[in-house]
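# An overview of the molecular structure
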Amino acid sequence: MLTNKGSARKHLIALVGFGTVAQGLCKILIEKRDTLKRDHHFEFEIVAVSTRSRGTMFHPAGLSLSSLNYLSQNDTPFVENVKDWDAEEMIRESNATVVVELSHTNLVDAEPALTHCRTAFKTGKHIISGNKGPAALAYSEMKGLARKRGCAFLNEATVLSGTPTLSFFHSALKGNQISGLRGVLNGTTNFILSEMESGSSYDDALQQAETLGYLEADPSADIDGYDAQAKLAILASELFDLTIELGDIKREGISAITQVHIEEARREDKRWKLIASLSVRDDKIIAQIRPEKLALSDPLAQVNGTLNAITFSTDLLGDVTITGPGAGGVETGYAVLSDLLTLNEGVFA
Ligand SMILES: NC(=O)c1ccc[n+]([C@@H]2O[C@H](COP(=O)([O-])OP(=O)(O)OC[C@H]3O[C@@H](n4cnc5c(N)ncnc54)[C@H](OP(=O)(O)O)[C@@H]3O)[C@@H](O)[C@H]2O)c1
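Values in this document were obtained by computation on a predicted structure and should not be read as measured data.

## Thoughts on the overall build of the chain
Of the regular secondary structure elements, the chain holds 13 helices and 13 strands. Reported as C-alpha extents along the three principal axes, the dimensions of the chain are approximately 65 × 45 × 40 Å. Out of the 349 residues belonging to the chain, those deemed buried represent 46%.

In structure tokens:
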């Protein structure tokens, strides 16, 4: 079992899901294997991969990265090193030391990812999750189980994809007191609003987002603010140690915004954005998702297309804004890599 405090050890990775993000991660790991070893003393093998429809592959010494690369480009069932396991059995039975949870996000009950995480902790395995469900719905339980087992529960990918947000807060802003944050947390709605700024109708912009593959399987997750709501709940847990039920975050999406609103804002030198905000004052928490008309001087007003951004309100620096990609296979794969490197350093709480 990997304890990993102090010196670097070889990480044995099991992937739950082999979609856009898992394939982006594999691409990075294949390309950077030597530099990760040289610069970060990070060594790994991918020992298992499981998906709902393609089955499970397992080899205790590591699957061939070139065959994983082939399987990224060809949507065929797994035929080599096949095991008759579902993802839960793979987590329980394999020799993996870290499970990367990249199955679909479910914001109703977080399953099956929640069971995957519980099984991993029960068998002493770390969890890195890009899946928002466990962190948004069961953050305290997950952190508690992880701590009890000396394991990590890391979630960098869940908030701004590859743009370092949680690590930025925990490392770069340390020593500051944060009184609140505001952010553009959903790239799809930001893309739609940006298209409307360029003259498209809401329906045409929505269609364009669908054509480009930006919409979630259930478009309501983006359009009606559920995705942003989940990310805000994760930020509340990570940054303020606060548990907020999703239903307690006021939520309004962008579907009521029309060209009339866009033009009206333009005349006022303003721009509509779907803003997630969280502030804590005198033990009172205000958390909400709603479209806001921002002055163009606001850094969040300048974040266009699928980009995401967060402004942290700090006591020592005033407002600090970070911006970057909020989606994409390699981009989100990078967030998983950064969690793997955190694990390698053994500095997780
Ligand atoms: N894409 C992004 O930019 C992004 C950014 C941040 C966070 N995320 C999160 O990261 C996760 C992965 O996203 P993605 O874009 O890679 O999704 P994706 O391309 O749709 O892939 C999802 C994968 O999960 C697998 N899966 C679903 N249910 C499963 C189960 N019960 N057991 C094992 N595998 C299962 C699917 O297998 P089958 O195809 O065989 O059903 C598929 O391989 C999601 O939770 C998403 O919310 C994504």
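## Comments concerning the site of the ligand
Around the ligand lies a shell of 26 residues, among which Gly17, Gly19, Ser53, Gly130 and Ala327 are the nearest. Counting residues per element, the ones that place at least two in the shell around the ligand are helix H1 (20–40) and strand E2 (43–51). Residue contributions to the shell around the ligand peak at three residues, all from H1. A breakdown of the residues in the shell around the ligand according to their chemical character gives nine nonpolar, 14 polar and three charged.

## Re the sheet that holds strand E12 (residues 307–314)
If you walk across this open sheet you meet the six strands as E9-E11-E10-E8-E12-E13, and the pairing is mixed. Of all the strands in the sheet, just strand E9 (250–251) and strand E13 (318–325) have a single pairing partner and so form its edges. Examined bridge by bridge, strand E10 (residues 270–281) and strand E11 (residues 284–295) share 12 bridges and lie antiparallel to one another. When the bridges of E11 are listed, Lys270 appears paired with Ala295.

## Structural notes on unusual backbone geometry
Look at the link from Glu111 to Pro112: it is a cis peptide, with omega at 5°. Looking at where Pro112 falls in the secondary structure, it is placed in the loop between strand E5 (98–101) and helix H4 (113–122). One non-glycine residue, Asp241, adopts positive backbone phi at about 55°. Relative to the helices and strands, Asp241 resides in the loop between helix H11 (226–240) and E9.

## What about the domain arrangement of the chain?
Interfaces are frequently sized by the accessible area removed from exposure as the parts join. The domain boundaries assigned to the chain delineate domain 1 (10–162 + 329–345) and domain 2 (166–325). Between the C-alpha centres of domain 1 and domain 2 the distance comes to 28 Å. Taken together, the contact between domain 1 and domain 2 spans 15 residues of the former and 15 residues of the latter. Within the residue set of the side of domain 1 that touches domain 2, elements represented by two or more residues are helix H5 (132–148), helix H6 (157–160) and helix H13 (329–345). In terms of residue count, H5 provides more of the side of domain 1 that touches domain 2 than any other element does, five residues in total. Residues belonging to the side of domain 1 that touches domain 2 are distributed by class as follows: six nonpolar, six polar and three charged.

## Some points on the nonpolar core
Membership of the largest hydrophobic core comes to 102 residues, with the highest contact counts inside it found for Ile13, Ala14, Leu15, Val47, Val99, Val100 and Leu232. The dominant element in this core, judged by the number of residues it contributes, is H11, at nine residues. Each of domain 1 (10–162 + 329–345) and domain 2 (166–325) gives at least three residues to this core.

## Looking at the confidence of the model for the chain
Taken residue by residue, the chain gives an average pLDDT of 94. The fraction at 70 or more is 98%. Residue range residues 1–7 is modelled with pLDDT below 50. Its contacts to residues more than four positions away, or to other chains, number 11 contacts.

## Quick word on the environment of Lys270
Tracing the chain through its elements places Lys270 in strand E10. For Lys270, a count of 18 C-beta atoms within 10 Å translates into the label partly exposed. Counting along the chain gives 31 residues from Lys270 to Ala301, while the straight-line C-alpha distance between them is 7.9 Å. Beyond its immediate chain neighbours, meaning those up to four positions away, Lys270 contacts Ala265, Lys293, Leu294, Ala295 and Leu296.

So, how was this worked out
- Residues numbered from 1 in each chain as written.
- Predicted model: local features only at pLDDT ≥ 70, side-chain atom pairs only at ≥ 80, totals over all residues.
- Helix = DSSP H or I, 4+ residues; strand = E, 2+ residues; numbered from the N terminus.
- Buried ≥ 20, exposed ≤ 12 C-beta atoms within 10 Å, placed from the backbone.
- Near = placed C-beta within 6 Å.
- Nonpolar A, V, L, I, M, F, W, Y, C, P; charged D, E, K, R; others polar.
- Pairing = 2+ DSSP bridges.
- Domains from an automatic or database assignment.
- Contact = placed C-beta atoms within 7 Å.
- Core = buried A, V, L, I, M, F, W, Y, C linked by C-beta atoms within 7 Å.
- pLDDT = per-residue confidence, 0-100.

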